[in-house]
Amino acid sequence: MLREIDLKAGTWLRYDPCWLPAEEATALLAALLAETAFEERPVVTSEAVILQPRRVGWAGELPYHYSGQTLPPRGVGPVLAALWPRIEEAVGARFNHAVLNRYRDGRDHMGLHADNEPELGREPVIAALSLGATREFRLELKHRRAIKRTLRLPHGSLLVMGGACQHKWRHAVPRAPVEVGERLNVTFRWLHGPPGWRAPGARTEAPPPGEQTEEP
Ligand SMILES: O=C(O)CCC(=O)C(=O)O
């Protein structure tokens with residue numbers, strides 16, 4: 001069952017450390033790894049182009065732009081398609097895009113960033129299913145970096161970020177010892193439109209790029 005963690009500042013997380021039983025999570029991990037085409041994607045900043053320190057797969061009818069690069073539309077495989085409505089039902093929200101981040105070992109990681117692209121809307125609900133090795137998930141308040149929270153995301157756990165999470169906090173999956181095994185994280189989002197979409201009446205300028213682009 002998802003339990004709410006109140007992060008204050010209008011932010012909530014919902015978290016279930018064992019949303020899927022271990023056996024089912026293991027079978028799902030193998031099936032998703034087999035059906036997904038993973039790529040090495042870039043992070044593009046004004047100073048440099050580096051590669052994301054992990055492999056990435058995705059699915060959705062709209063292109064998704066983050067970290068200076070765009071994932072083009074891509075179809076949903078049958079395994080992911082079967083998982084999708086279960087996640088929507090558990091979370092009580094609809095999603096039209098999924099990103100699959102594959103951390104091959106503890107060296108693969110994700111730098112601090114926020115998912116605050118305008119096309120995600122003002123207070124996006126983002127659901128993340130973790131499969132495989134347990135990794136740390138760190139949150140840091142944007143304007144008072146000393147304020148941090150850390151969760152451990154085990155095999156079969158489901159985390160939902162909502163409220164002001166993407167506007168007030170950044171999150172990361174830090175490096176871990178190399179011997180930490182493979183992990184797959186599947187995040188589900190709702191894209192209101194293609195890159196550049198703005199909510200009616202929203203400010204025309206995008207959020208500061210440094211917040212969307214992950215830190216190395
Ligand atoms: O791998 C994870 O747990 C985090 C994924 C994430 O932060 C993202 O997709 O924005």
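Cut-offs used in this document
- Residues numbered from 1 in each chain as written.
- Predicted model: local features only at pLDDT ≥ 70, side-chain atom pairs only at ≥ 80, totals over all residues.
- Near = placed C-beta within 6 Å.
- Helix = DSSP H or I, 4+ residues; strand = E, 2+ residues; numbered from the N terminus.
- Nonpolar A, V, L, I, M, F, W, Y, C, P; charged D, E, K, R; others polar.
- Buried ≥ 20, exposed ≤ 12 C-beta atoms within 10 Å, placed from the backbone.
- Contact = placed C-beta atoms within 7 Å.
- Pairing = 2+ DSSP bridges.
- Axes fitted to C-alpha atoms, helices over the stretch in contact; angles between N-to-C directions.

As a further point, take the site of the ligand. Looking at the ligand, the residues that line it are Val99, Asn101, Met110, Asp115, Ala128, Ser130, Phe137, Leu153, His171, Val173, Asn185 and Thr187. Among the elements of the structure, β8 (97-103), β10 (126-132), β14 (169-173) and β15 (183-189) are those that each provide at least two residues to the shell around the ligand. The residue makeup of the shell around the ligand, split by class, is 6 nonpolar, 5 polar and 1 charged.

We note that lysine 8 has phi near 65 degrees; this positive angle belongs to a residue other than glycine. In this structure, lysine 8 sits in strand β1 (residues 3-8). Taking the number of C-beta atoms within 10 Å as the measure of exposure, lysine 8 has 11 and is therefore exposed. Phi at serine 67 is positive, roughly 50 degrees, even though this residue is not glycine. For serine 67, a count of 19 C-beta atoms within 10 Å translates into the label partly exposed.

Along the chain, the position of alanine 93 falls in the loop between α2 (78-91) and β8. Among the residues examined, alanine 93 registers 17 C-beta atoms within 10 Å and is labelled partly exposed. The spacing of alanine 93 and valine 125 is 32 residues in sequence and 7.6 Å in space, taken between C-alpha atoms. Ignoring anything within four residues of it in the chain, the contact list for alanine 93 reads Glu88 and Val125.

Turning our attention to the sheet that holds β15. Read across the sheet, 7 strands follow the order β1-β2-β13-β10-β15-β8-β5 without closing on themselves; strand pairing throughout is antiparallel. Two strands bound the open sheet, and with one partner strand each, they are β1 and β5 (55-60). Ignoring which end each strand starts from, the neighbouring axes of this sheet average 20 degrees apart. As judged from the 7 bridges shared by β8 and β15, these two strands associate in the antiparallel manner. Paired with alanine 98 across the two strands is phenylalanine 188, which belongs to β15. Lying over the sheet, α2 contacts β5, β8, β10, β13 (157-163) and β15, oriented at roughly 125 degrees with respect to β10.

The values reported here are purely geometric and, on their own, carry no functional implication.
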